[in-house]
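Each chain, letter by letter, is given below.
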Amino acid sequence: MVPSSGPVRQRLMTLAWPIIIQFYLFQLTGVVDNLMVGQFGEQTIAALGICLQLNFLVVLCYAALTEGGAVITAQLRGARKHAEIRETLATLLTAGLFTGVVIGALYIVFGESLLALLTTDLFRAPAERSGLPGIGYGYLWIIGLGLPALVIAHVAMYVLQSLGNTRTPMRLALYGNVLNALGNYLLLFGGAIQGVTEPLFPPLGLPGVAIATVLAWLFQAVFMLRAVLRHPAVNARLRDVSGLAWQRLRRILYLGYPLSVDGFLWQGSAFIYTMMFNRVGAEAYAAFLVASIIRGFSLAPGVGLQQAASIALGESLGGRHPQRARAYTAMGIRMVLLVLPLLTLIVALLTPLFLQFYEISDLTRERVIWMVALSVLYSGATALTMIIPGILRAGGDTRAPMVITLIGFAGVGVPVAWYFGLYLGFGLWGVFAGFVADEVVKAVIMVIYLRRETWLRRLA
């Protein structure tokens, strides 16, 4: 039986809005950290930025666990296989804890070398090296101690969301943000009010940010885990969800590894486009970077609806309800094609207001306004490239988005950007054309592939 559009839309919105708010909360965490650390100068800001870049790469490494586990959990919930959900959770927690301990140990032992690799200081003569890896290591080794908690928090969060509870992760993200901000204030500045009171204890600087971050991770790990254990589909004590089922882990990683690869491909494409914009000129890259940051405010609904559609589809497919799955797919695509372009248009109209916070030249300002305005024209393609991968992954087809990302980036985007931007000399707008072509071609291929309905047949 095909459900009516009203309940389908309501179900997707119920799942999506907490994820959308959580997306903005995660962005706010980075803003708060950077604003507070900004009081300590450019070197400290740059060191924190490099550490955060390394953390992002690490999250991609264990995305195979979190997102692969989420696909399986949603389908098992739809099939009402609660014992297998507990086995999956136990496997994810055990593997996640091991992963966090290993990566944390690498941070503690080799952290400064890893940062020197990212800054290229590792390849310079000692006299020419910057001080960034040393400054950053004061943050990174403390983060290494908290990485097991971060992985556990993420595992529990993804499982909880795949079980249909998206509000608890949102609330815990909010509480974690507050805890992080308070910890930053106390530990960065020693509890002092700048220019008003003296510090209560010696300010810790960047290591203080790391301590506050780890405390927030520990808080989220404890309460995310508590929430997932109390979920009716799990209903277990911690000792009941320990142990590793190797067959289950292999299935999780088989589904999940393309998600990690896809993330690295995305990061690699961003790096290549960055190189091309920098080849045109620093001003061109600055314009693209600012435009991307401003445009990012419009992407939260796409993230929320993608995850909501994945959860609802996973449940429907696990329960062997293909017509219901088709209804969620059609509604999810209609909603994201309506909401994301509309929000992109609003952001484009507000761009001159956002630019008041930037000290940039008039030429760069004009380029940013045009790039954000042009993003309205291809925002439909962006909407499709955000939601369709979630639909495909919900049915266990995780490799197709990875392959399509590679085709769009390596087969279309980079060649077009090089030919028009660098070879023919159109500069910024030539490279930008390649970036847009990448997005549009991926959207077209995804729509064609989606119509084959492989996601209806590849169950976990």
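Please refer to the structure placed before this passage.
Residues numbered from 1 in each chain as written. Predicted model: local features only at pLDDT ≥ 70, side-chain atom pairs only at ≥ 80, totals over all residues. Heavy atoms only, no water.

## Describing the overall build of the protein chain
Working step 1: On a plain count of helices and strands, the protein chain comes out with 15 helices and 0 strands.
Working step 2: At 23 Å, the protein chain has a C-alpha radius of gyration in line with the 23 Å of a compact globule built from 460 residues.
Working step 3: Once the C-alpha set of the protein chain is aligned to its principal axes, its extents read approximately 65 × 55 × 40 Å.
Working step 4: Counting every position in the protein chain, which comprises 460 residues, the buried fraction comes to 52%.
Working step 5: Considering only residue pairs separated by 6 or more positions, the protein chain has 82% of its internal contacts joining residues 24 or more positions apart. (Helix = DSSP H or I, 4+ residues; strand = E, 2+ residues; numbered from the N terminus. Rg over C-alpha atoms; globule rule 2.2 N^0.38 Å. Buried < 20%, exposed > 50% of the residue type's maximum accessible area, 1.4 Å probe, protein only. Contact = heavy atoms within 4.5 Å.)

## With respect to helix α9 (residues 282–295)
Working step 1: Given a rise of 1.5 Å per residue, 14 residues ought to cover 20 Å, and the 20 Å separating the end C-alpha atoms of α9 matches this to within 8%.
Working step 2: Within α9, burial applies to A284, A287, F288, V290, A291, I294 and R295. Down the axis of α9, the sector holding all buried residues measures 165°, keeping them to one side.
Working step 3: Looking at the buried side of α9, the elements it contacts are α8 (246–280), α11 (322–354), α12 (362–375), α13 (379–394) and α15 (428–450). (Expected span 1.5 Å × (residues − 1). Arc of directions from axis to C-beta.)

## Section: unusual backbone geometry
Working step 1: Backbone geometry at R80 places phi at a positive 60°, although glycine is not the residue there.
Working step 2: Relative to the elements of secondary structure, R80 occurs in the loop between α3 (63–78) and α4 (82–119).
Working step 3: Phi at N235 is positive, roughly 45°, even though this residue is not glycine.

## Describing the packing of α11 against α13
Working step 1: Where α11 contacts α13, the axes come no closer than 9 Å and their chain directions differ by 145°. Viewed along their axes, α11 and α13 form a crossing whose handedness is right-handed. Each of T329, G332, I333, V336, L337, L340, P341 and T344 in α11 lies in contact with α13, whose residues at this interface are S379, G380, T382, A383, L384, M386, I387 and I391.
Working step 2: The residue makeup of the contact of α11 with α13, split by class, is 10 nonpolar, 6 polar and no charged. (Axes fitted to C-alpha atoms, helices over the stretch in contact; angles between N-to-C directions. Left-handed = near helix turned anticlockwise from the far one by under 90°. Nonpolar A, V, L, I, M, F, W, Y, C, P; charged D, E, K, R; others polar.)

## Some details on the nonpolar core
Working step 1: Within the largest apolar cluster, 57 residues are counted, with the highest numbers of intra-cluster contacts made by L89, Y107, Y139 and V228.
Working step 2: Elements represented by at least two residues in this core include exactly α2 (42–61), α3, α4, α5 (132–162), α6 (167–189), α7 (206–230) and α8.
Working step 3: No other element matches α5, which puts 16 residues into this core.
Working step 4: Among all residues touching Y107, those that are not within four sequence positions of it are L54, N55, V58, L114, Y137, L140, I143, G144 and L147.
Working step 5: If you look at the next biggest cluster of nonpolar residues, it comprises 38 residues, including L317, A325, I333 and M386. (Core = buried A, V, L, I, M, F, W, Y, C linked by side-chain atoms within 4.5 Å.)

## Some words on the side chain of T382
Working step 1: Structurally, T382 is set in helix α13.
Working step 2: Beyond its immediate sequence surroundings of up to four residues, T382 is in contact with R295, L299, L340 and E439.

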